Amino acid sequence: MMISIKVFSGKSNNKTYFGRFHSLFRYRKIRMVILLAAVLLFALPALAGCDLQEKIAGSVSEFLSDDFLSEASSEASSEASSEDEPEVEKISDERYAYQTLDDEAQAVYDEIVYAFMNREEEMQVSTTDVEVIGLAYQAVRYDYCNFFWVDQLAYVTNSKNDEIVSISITPSYTVTVEEQTALQEQIDAEAARMLADAPADGSDYDKALYVYETLIREVDYVVDAENNQNIISAFVNHETICQGYAYATQYLLELLDISCTTVTGVANGESHAWNLVFLDGEYYYIDTTWGNANYIYLAENEGNSEAGEVVGSDYQYLNYDYFGVTTDTLLTTHTPDSEIPLPECTATADNYYIHEGLYVETWDADRIGSLIREGYESGEAVVRIRFANTELCEQAQQYFLEDGKVFDYCDGLQTAQYLQNTDSEVLVILFPT
C-alpha cells in the first residue's frame with residue numbers, strides 16, 4: 001500500500017499558488033511543489049437564510065484559502081482503514097459553478113462544502129481522480145465566499161499497486177470554534193449595518209449598485225491588509241484587496257437574494273478577482289475593486305501630487321466603468337480562468353451608463369451639455385458620461401472643456417477639472433466641492 005499526501009494551499013511568504021490570492025493582482029496558476037509531510041486545507045462558504053435579518057444572523061462566513069499543491073509519499077504496510085462516510089446533503093443546486101459540473105464533481109463539491117461547514121479533520125471523498133478534486137474545489141471557490149475559518153486544504157491518496165484506491169481531504173482551521181463564532185457575529189452586525197439602507201423593494205440593479213457604492217466608500221484598498229483573502233478584511237477591518245472586494249460583494253448580494261459568483265483570472269496582465277452577477281434576469285460582470293477609482297487613478301499616476309488632488313477624498317470618486325458590463329467589454333481587460341465555463345453576457349440594460357442615461361452614441365452637443373448641466377445643478381461633484389467610441393469622447397473633451405463650452409451650460413461655474421479614460425471612452429468632469 002502506498003500512501004501519498006497531496007496538499008492544496010494558498011499563500012506563503014508573498015508566494016501564491018493554487019487558488020489563492022494575496023494581493024490585487026498576485027494570483028498564480030496551479031503549481032506543483034515537492035515537500036515532505038506537508039498538509040494544507042480548503043475553505044468554503046455557507047448558505048444564507050430566508051429573510052434578510054435571518055440571513056445575516058444565520059449565514060456562515062467563508063474564506064477560500066489554498067496555498068500550494070505539494071506531494072509527499074511514504075510506504076505503508078497495510079491498507080488504510082475506511083470509516084463510515086457521513087451523509088452529505090446537496091445544498092448547492094442553485095449555485096452557478098456547481099451547475100457546470102458533472103455528477104462526479106458535484107458529489108466531491110458537496111463533500112468539500114460539508115467538510116468545511118462541519119470542521120471535519122479528515123474526510124474521504126467519493127472520487128479517486130485528483131483532477132476532479134481540483135475542479136470541484138475551484139467551483140467551490142467561485143460559488144462560496146464566507147469560509148474565513150479555513151486556511152488550507154490537503155488531500156491524502158491511498159494507493160495499492162500504484163493505483164489510487166481512495167482519497168481523503170484534511171482541512172486545517174485558523175481559528176477555534178469560539179473565535180469563529182465571535183468573528184461571525186462581527187461580520188453579521190457589519191453586514192446588517194451596511195445593508196440597513198439598501199432598497200429592499202428596488203430592482204436587482206438598484207440593490208447591486210447600492211452594494212457596489214457602499215463597499216467602495218467604506219472599504220479601502222490596502223495591499224497588505226490583514227486577512228485580505230477573506231471577508232474579515234472587508235467587514236471587520238475595512239481594508240482589503242480584489243479577493244476581499246469580490247467576496248464581500250458576493251456576500252452582501254446573496255443576502256439581498258441576488259445570485260452572484262466570484263470569478264478569478266487575469267486583468268491587464270495581473271491576477272485578479274471580480275464577480276458574475278444575475279441582475280433582472282440577465283448575467284453581467286461587476287468589478288468592485290476597479291470601482292475604487294482612487295486606487296486605479298493614483299496607481300497609474302504614482303508620485304503625481306496633482307493627480308492626488310484631482311481624485312482626492314473630497315470627490316469620493318467612484319468608477320462605474322465595470323458595473324454591469326458585457327463579456328465583450330470585460331475581455332478587453334480581463335481574462336477569466338478557463339476551468340469553470342462562463343455564460344456569454346450580452347445584456348446592456350443594467351450597465352451603469354445605459355441604465356442612468358449617460359451613454360452617448362452620436363454627437364449631440366445640446367444633449368451632452370444637458371447631461372453636464374443636470375449633474376451640476378443637482379449638486380453632484382462628479383459627472384460621468386460614456387461615449388460609443390474614443391473619437392466622440394475626445395470631441396466632447398475638446399468642445400466642452402478645452403474650448404470652455406461647459407461654462408455656457410453651467411451658470412455660475414467658475415472652474416472644473418476632468419479626467420478621461422480613453423480605454424473606456426468615459427469623460428469625467430469634477431466640479432468644485
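S.K.: Give a detailed account of the packing of aromatic side chains, specifying residues and quantitative values.
M.R.: Under the defined criterion, the tally for this structure stands at 20 aromatic pairs. Residues Trp363 and Tyr399 carry aromatic rings whose centres are separated by 5.6 Å and whose planes lie at 85° to one another, so their mutual orientation is edge-to-face. Of this pair, Trp363 sits in the loop between β16 (359-360) and α14 (365-377) while Tyr399 is found in helix α15 (residues 390-402), placing the two residues 36 residues apart along the sequence. What makes Trp363 partly exposed here is its relative accessible area of 31%. Members of the aromatic cluster, each reached through a chain of ring pairs, are Tyr98, Tyr109, Phe116, Tyr144, Phe147, Phe148 and Trp149. Directly above the aromatic system of Tyr173 lies the positively charged group of Arg119, at a separation of 4.7 Å from the ring centroid.

S.K.: Account for unusual backbone geometry, with residues named and values stated.
M.R.: At Asp162, a position not held by glycine, the phi torsion is positive, near 65°. Within the fold, Asp162 resides in the loop between β7 (150-160) and β8 (163-173). The backbone of Asn268 shows a phi angle near 50°, a positive value even though the residue is not glycine. Relative to the assigned elements, Asn268 resides in the loop between β11 (260-267) and β12 (270-279). The exposure class assigned to Asn268 is exposed, which follows from its relative accessible area of 56%.

S.K.: How would you summarise the nonpolar core if you had to cite specific residues and measurements?
M.R.: Counting 111 residues, the largest nonpolar core has Tyr109, Phe235, Tyr251, Leu252, Ile372, Phe387 and Phe400 as its most contacted members. Sorting elements by how many residues they give to this core places helix α6 (residues 204-218) first, with eight residues. What Leu252 contacts, discounting residues up to four positions off in sequence, is Ala191, Met194, Leu195, Val211, Leu215 and Phe235.

S.K.: Pulling in residues and values, what's your account of the sheet that holds strand β14 (residues 323-325)?
M.R.: Spatial ordering of the open sheet is given by β14-β13-β12-β11-β15, a layout of five strands whose pairing is antiparallel. Since the sheet does not close on itself, it has two edges, and those belong to β14 and β15 (334-336), each with one partner. Ignoring which end each strand starts from, the neighbouring axes of this sheet average 45° apart. Packed onto the sheet, α6 meets β12, β13 (282-286) and β14 and runs at close to 125° relative to β14.

S.K.: A description of the pattern of salt bridges should follow, citing residues and the corresponding values.
M.R.: Two side chains bearing opposite charge may form a pair once their charged atoms approach each other closely. Counted by the stated rule, this structure contains five salt bridges. A salt bridge links Arg193 to Glu218; its shortest N-O distance comes to 2.3 Å. With Arg193 in helix α5 (residues 177-194) and Glu218 in helix α6, this pair connects stretches of sequence that are 25 residues apart. Among the residues examined, Arg193 registers a relative accessible area of 41% and is labelled partly exposed. A relative accessible area of 27% means that Glu218 is categorised as partly exposed. When salt bridges that share partners are traced, they join Glu190, Arg193 and Glu218 into one network.

S.K.: An account of a negative patch on the surface is requested, with residue identities and associated values reported.
M.R.: On the surface, Asp102, Asp103, Glu104, Asp129 and Glu131 cluster together to form a negatively charged patch. Within the fold, Asp103 resides in helix α3 (residues 103-117). Taking relative accessible area as the criterion, Asp103 reaches 66% and is therefore assigned exposed.

S.K.: Run through helix α8 (residues 242-255), naming residues and quoting values.
M.R.: Its 14 residues give α8 an end-to-end C-alpha distance of 20 Å, which sits within 8% of 20 Å, the value for a rise of 1.5 Å per residue. Count one or two residues on from α8 and you reach Asp257, which has phi positive near 65°.

S.K.: Any details on α5? Residues and values, ideally.
M.R.: Between the first and last C-alpha of α5 there are 26 Å, a value that for 18 residues agrees with the 26 Å anticipated at 1.5 Å per step. Those residues of α5 not exposed but buried are Gln180, Leu183, Gln184, Ile187, Asp188, Glu190, Ala191 and Met194.

S.K.: Please set out the packing of α3 against helix α4 (residues 130-143) residue by residue, giving values where relevant.
M.R.: Look at α3 against α4: their axes get within 8 Å of each other, and the N-to-C directions meet at 60°. Put simply, α3 runs oblique to α4. Considering how the two elements wind past one another, α3 and α4 form a crossing that is right-handed. Touching Glu104, Ala105, Val108, Tyr109, Ile112 and Val113 of α3 are Val132, Ile133, Ala136, Tyr137, Ala139, Val140 and Asp143, all from α4. Along the lines of polarity and charge, the residues of the contact of α3 with α4 split into 11 nonpolar, no polar and two charged.

How each quantity is defined
Residues numbered from 1 in each chain as written. Predicted model: local features only at pLDDT ≥ 70, side-chain atom pairs only at ≥ 80, totals over all residues. Heavy atoms only, no water. Phe/Tyr/Trp six-rings, centres within 6.5 Å; stacked < 30°, edge-to-face > 60°. Helix = DSSP H or I, 4+ residues; strand = E, 2+ residues; numbered from the N terminus. Buried < 20%, exposed > 50% of the residue type's maximum accessible area, 1.4 Å probe, protein only. Lys NZ or Arg CZ within 6 Å of the ring centre and 35° of its normal. Core = buried A, V, L, I, M, F, W, Y, C linked by side-chain atoms within 4.5 Å. Contact = heavy atoms within 4.5 Å. Pairing = 2+ DSSP bridges. Axes fitted to C-alpha atoms, helices over the stretch in contact; angles between N-to-C directions. Salt bridge = Lys/Arg side-chain N within 4 Å of Asp/Glu carboxyl O. Patch = residues over 30% accessible without salt bridge, like charges linked within 9 Å, V, L, I, M, F, W, Y side chains within 5 Å. Areas by Shrake-Rupley, 256 points an atom, 1.4 Å probe, with all protein chains shown as cover. Lys, Arg positive; Asp, Glu negative; His and termini not counted. Charge placed at Lys NZ, Arg CZ, Asp CG, Glu CD. Expected span 1.5 Å × (residues − 1). Parallel < 35°, antiparallel > 145°, perpendicular 65-115°, else oblique. Left-handed = near helix turned anticlockwise from the far one by under 90°. Nonpolar A, V, L, I, M, F, W, Y, C, P; charged D, E, K, R; others polar.

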